[in-house]
2 protein chains.
Amino acid sequence: MSESYAGKINRKLLKKRRIINAAAGREKADLVLKNAAYVNVFSNEICHGDIAVAEGLIVGMGTYSGETEVDMAGKIVLPGFLDAHIHLESSLVNPTEFVKAVLPHGTTTVITDPHEIANVMGSDGIEYMLQATEGLPVDVRFMLPSCVPATPLDESGATLDYRAIDSFYDHPRVQGLAEMMNFVGIIAGDDQPVEKIVAAQAHHKKIDGHAPDLVGNDLNAYIAAGVYSDHECHDLKDAIAKLERGQFIMIREGTAARNLEALVPLLCDKYSERCMFCTDDKHPSDLLEKGHIDYIMKKAIALGADPITTVKVACHNAARYFLLNNRGAIAPGYLADFVVIDSFEHFHIEKVYKRGKLMVEEGILADFPAPKVEPYLTERAHSTFHLPILTAEDFTESRPRGVLGMVMGEITTTDAGYADHIDVENDILKIAVVERHKNTRHIGIGYIKGYGLRSGAVATSISHDSHNIIVVGASEADMAQAVNRIAELDGGIVVWNEGKSLAEVPLAIAGIMSDEPLVTVNAKLEGAKEEAFRLGVSRGVDPFMTLSFMALPVIPTLRVTTRGVFDVISQSYV
Amino acid sequence: MSESYAGKINRKLLKKRRIINAAAGREKADLVLKNAAYVNVFSNEICHGDIAVAEGLIVGMGTYSGETEVDMAGKIVLPGFLDAHIHLESSLVNPTEFVKAVLPHGTTTVITDPHEIANVMGSDGIEYMLQATEGLPVDVRFMLPSCVPATPLDESGATLDYRAIDSFYDHPRVQGLAEMMNFVGIIAGDDQPVEKIVAAQAHHKKIDGHAPDLVGNDLNAYIAAGVYSDHECHDLKDAIAKLERGQFIMIREGTAARNLEALVPLLCDKYSERCMFCTDDKHPSDLLEKGHIDYIMKKAIALGADPITTVKVACHNAARYFLLNNRGAIAPGYLADFVVIDSFEHFHIEKVYKRGKLMVEEGILADFPAPKVEPYLTERAHSTFHLPILTAEDFTESRPRGVLGMVMGEITTTDAGYADHIDVENDILKIAVVERHKNTRHIGIGYIKGYGLRSGAVATSISHDSHNIIVVGASEADMAQAVNRIAELDGGIVVWNEGKSLAEVPLAIAGIMSDEPLVTVNAKLEGAKEEAFRLGVSRGVDPFMTLSFMALPVIPTLRVTTRGVFDVISQSYV
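An account of the accompanying structure is given in this report. Residue positions are counted from 1 within each chain, in the order its sequence is given. Starting at A for chains and at 1 for ligands, labels are handed out in the order in which the entities are written. Note on the predicted model: pLDDT of at least 70 is required for a residue's local features to be given, and 80 or more for side-chain atom pairs to be given and counted; whole-chain, interface and lining totals, by contrast, use all residues. Side-chain numbers here rest on the full set of heavy atoms in the structure, without hydrogens or water.

### Some words on the relation of the copies chain B and chain A
- Its rotation angle being 180 degrees, the transformation that places chain B on chain A also includes 0.0 Å of axial translation and leaves an RMSD of 0.1 Å. Taken together, the turn and the small shift mark the pair as related by a two-fold rotation axis. Across chain B, the rotation axis passes nearest the C-alpha of aspartate 269 of chain B, at a separation of 3.5 Å.
- Both copies share a contact surface, since 99% of the interface residues of chain B are interface residues in chain A too. All copies are superposed by least squares; the fitting set is the C-alpha atoms of residues with a pLDDT of at least 70 in both. Throughout, a residue-residue contact means that at least one pair of heavy atoms, one from each residue, lies within 4.5 Å.

Here's what the structure looks like:
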């Protein structure tokens, strides 16, 4: 597949001539959407006319005839939607299954940060995701994970400095450096995070931010360092402070964090140019029940936002921010990514086109080939568990340990004192994090109050951000067996009782994603939740998602790590 | 000056740390503009606070102290202005002198198309301009000339295909491909112009347009080919047709073409995001008397445009279009390019800062070093005339030739019939174009009516777009001597009578630019005009500018080329 520069120019010349001929009307277009009403993001209005497509690109609007003509009378044609920031892994399915889920919702481009898989597999995880997304009918673009591990307290599967990610900037689908969560390190001028920013800038790439509630001169320092966006704004004041300093605001409405209602006033003439939409993470049931960017758009319009502004924010602004200059608009030269809806009021998606190909019609998805991942990477992704077989003794510990006090509906915890044994009657359970990347045999043990389990154990290998195995149990033996079962499965979620598995959600890709379809994964997940509830887990708790944040040593107050219980406030082990 | 990648990252890290430290307030800033009111192009309002600068960049707005502090109370601070499209050569001075002229007017970045010098010197002309603009206190960025020669009818100094300009795309100050004037060739899908577009796209570069009054599917074809902007719109309808198809509109207000009044309605919420300002060409007296982008801004505001919108169009929009993402705004990380004015009403420019350095104070310019141009290029630029010494016989011609009918105040001509001799009483003068690049001895002869000369000859080596020598005379002997004198001068403008030079404007850089200061050039030019008027040239005619368009065989009706009189309408020699 080697091609000289002159050969490349010749090839592009031929393709361009076909585009020009179709645009000028000398040749029939491949596809014409006849009599369309379409949103024009440049003149900020609804325009009317035929939309002609050739070679996967829009070639003109006006009067055209085509090999295929589809009457669009009475419909509204929109550009395809973009998610400006998501961790694809949060869907728990592989990228092909993710695409099957979101394409019917009108998403045609997503910007993913493979932060989760990189914490497990390092640069191999980035490469795996690049290969697993190649040629999909939703364009998947990448921001390179900036914080692997997320904190020095984490024992992750890899440590990536700027050199480790540098060569990925040359990949045509890499747009920049993903959310720089280590804003403290940036403001302090620490080598590692600042090197990552200057390297991204040296490659002329974008750098996304993540700095909740940062204000004043510290915010200036973070932005002056080169951080161009933020998706953590949860109130208008925070958002405007960042916007007026030049950051682009990604209005986030995902599964864990939902900021649209607070930020919908940004969708006005004064501010909307600097805004886009993102989800950050979307769990299976949320994707299936609500949708994706379309859900955010519907909600924004229902909250009073102007529909044309909303469309522009959902399509055009993110495309421009990421320098994806041929998408996010209906105009000559732009990708023929279309979403056909009935009206802004009902926002029923009737058709979705990707590069001029009809991919979705009334919810029915056209077939497409799954990308090929090199065998060594597939094998590497499916064998990420490296730990010994554990027994009850590994979880037995007579010294007093800190108790994580759960807060209903939150992922923060309180400091609930100390305990030295499981006490089911008082809802004191044992919680442990088992290092599983490098066979270090590190097991951090603590206690948790408020989870409600009365018997057995619940374990998961989704455990932010290092994705070690986290397990809660009423019995050390069940804890050990549940962890062993997860290792056998090469990852997943297990509900275990008295020596037996009650429910399992296998997540054999790096221990965080399934090879099965979204609907199957969701069914297994919901089934497993029911089993966990039956074992006593409080109905107000998400049995797995809540657990998956208990090992993230950046959220107050107490967390459990592979090295024991950690107090985030005092930054010390307790 | 070789540096490893790791070395480069380390160097940038140190600089970045200084920026962060100053932004966070841990170290004093280099410069603080205290108590500033400044235009915020993100929140579209006037903000207030100190503006802190370090390492030539804005590091923060808020409360800061600095090594230098300047009180800005009562002033308005604006980002530096950008000219989105100019041919620097039109100023008739070298880039250093141009910078001295425009920096006091608040211009801190210009995008130049070295179309004129490239038509004389080919790629050496581009290289000369790159070297002659390196490190100037107005950042000069380049769009590569797309049409050299401008038409196949021209005998220019060079012919540049896509290969000839390709390596320039790697230069850090090259932003793309300049105005693709050959819209007919693009719409026809001709190899040469379309190759240039696909090559520019292969380098991920911008492509500017030039397509007056192009409409409908032809306009679609031109835009679908990859032309992202237009600066030729002279009415609102034309501009909106292009804007709504995705082109950016450069509102042009220069010396020859002035479109602001017609296009000022674009400066509104609905359209302004897609607009910027440009001058295209600025002649010496116009620069001296009116100014530059500041003149356009003042006029726009006087015509009723919102001042903040006007500032944004003059600074931010062009910067974003050209992917110059660290300029055109007052925000952390942006270049410390400031224009300090008293008020929007008076728009008196009190100070201009470039990268944090005070360059202009009350019209007084700070010293700066002129860029060094390699000697071989300087020599090459100063020896571009290759023609024999001419005599009256070379201009003697008894056959009848077409008469170019001048139209007062226009550069179009009428077909004024034939003539076979000079007839001063009836204002029939001889006009000739002398090929001067390649010693071809081609001399195209015709007649002109309406110029008014009664004796002697007027000649200039500014003759669009090939810059051969164009000469008008009442006597063949004076014509020959005037041309000889221009060759002796290595280029310029000469007013000649009865064997003697009456006035000269030497333009020894490629025959189109002077080595002298703008004021000197302007004085010589105005003096020469007076001499021309004294020889009878009609006062309503610009004696030299009008001539300089008479050899451009794209403007109706008759033109004179090195091959004779050409009818642009019938596309044939007459």
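### Some details on helix 4 (residues 123-132) of chain A
Residue and element names in this part refer to chain A.
- In this scheme, a residue with accessible area under 20% of its type's maximum is buried, one over 50% is exposed, and one in between is partly exposed, where area comes from a 1.4 Å probe on protein chains only. Here a strand is any run of E in DSSP of at least two residues, a helix any run of H or I of at least four, and the numbering for each starts at the N terminus. In terms of burial, helix 4 is largely enclosed, as 7 of its 10 residues are buried.
- Along helix 4, the positions that sit buried rather than exposed are Gly125, Ile126, Tyr128, Met129, Leu130, Gln131 and Ala132.
- At its buried positions, helix 4 is contacted by helix 2 (95-102), helix 3 (115-121), strand 8 (139-144), helix 5 (162-166), strand 9 (174-180) and helix 14 (375-381).

### Considerations on the pairing of strand 16 (residues 357-361) of chain B
All names here are of chain B.
- Whether two strands pair comes down to DSSP finding at least two bridges between them. Here strand 15 (residues 349-354) pairs with strand 16 via 4 bridges, running antiparallel. The residue bridging tyrosine 353 from the neighbouring strand is leucine 358, located in strand 16.
- Taking the residues between adjacent antiparallel strands as the criterion, strand 15 and strand 16 are bridged by 2 residues, where arginine 355 takes a positive phi near 50 degrees.
- Of the pairings in the sheet, the one linking strand 16 to strand 17 (residues 364-365) comprises 2 bridges and is antiparallel in character. By the bridge assignment, valine 360 is partnered in strand 17 with leucine 365.

### Side note on the packing of helix 12 (residues 293-302) of chain B against helix 13 (residues 307-314) of chain B
Residues and elements named next belong to chain B.
- Lines fitted to C-alpha atoms define the axes, with helix axes restricted to the stretch in contact, and inter-axis angles between N-to-C directions lie between 0 and 180 degrees. Close contact between helix 12 and helix 13 brings their axes to 10 Å; oriented N to C, the two are set at 155 degrees. As far as their axial angle goes, helix 13 and helix 12 are roughly antiparallel. Of the two elements, helix 12 crosses helix 13, and the hand of that crossing is right-handed. Between helix 12 and helix 13, the residues in contact are Ile293, Met297, Ala300 and Ile301 and Pro307, Thr310, Val311 and Ala314, respectively.
- When residues are grouped by polarity, Ala, Val, Leu, Ile, Met, Phe, Trp, Tyr, Cys and Pro land in nonpolar, Asp, Glu, Lys and Arg in charged, and all others, Gly among them, in polar. Residues that form the contact of helix 12 with helix 13 fall into these classes: 7 nonpolar, 1 polar and no charged. Roughly parallel here means an angle under 35 degrees, roughly antiparallel means over 145, roughly perpendicular means 65 to 115, and every remaining angle is called oblique. Should the near helix be turned anticlockwise from the far one by less than a right angle, the crossing is left-handed, and should it be turned clockwise, the crossing is right-handed.

### Some words on the sheet that holds strand 11 (residues 229-230) of chain B
All names here are of chain B.
- Across the sheet, 3 strands lie side by side as 11-12-13; this open sheet has parallel pairing. Of all strands in the sheet, those with a lone pairing partner are strand 11 and strand 13 (275-278), marking the two edges.
- Here 2 bridges tie strand 11 to strand 12 (residues 248-252), and the two strands are oriented parallel to one another. Of the residues in strand 12, the one forming a bridge with serine 229 is phenylalanine 248.

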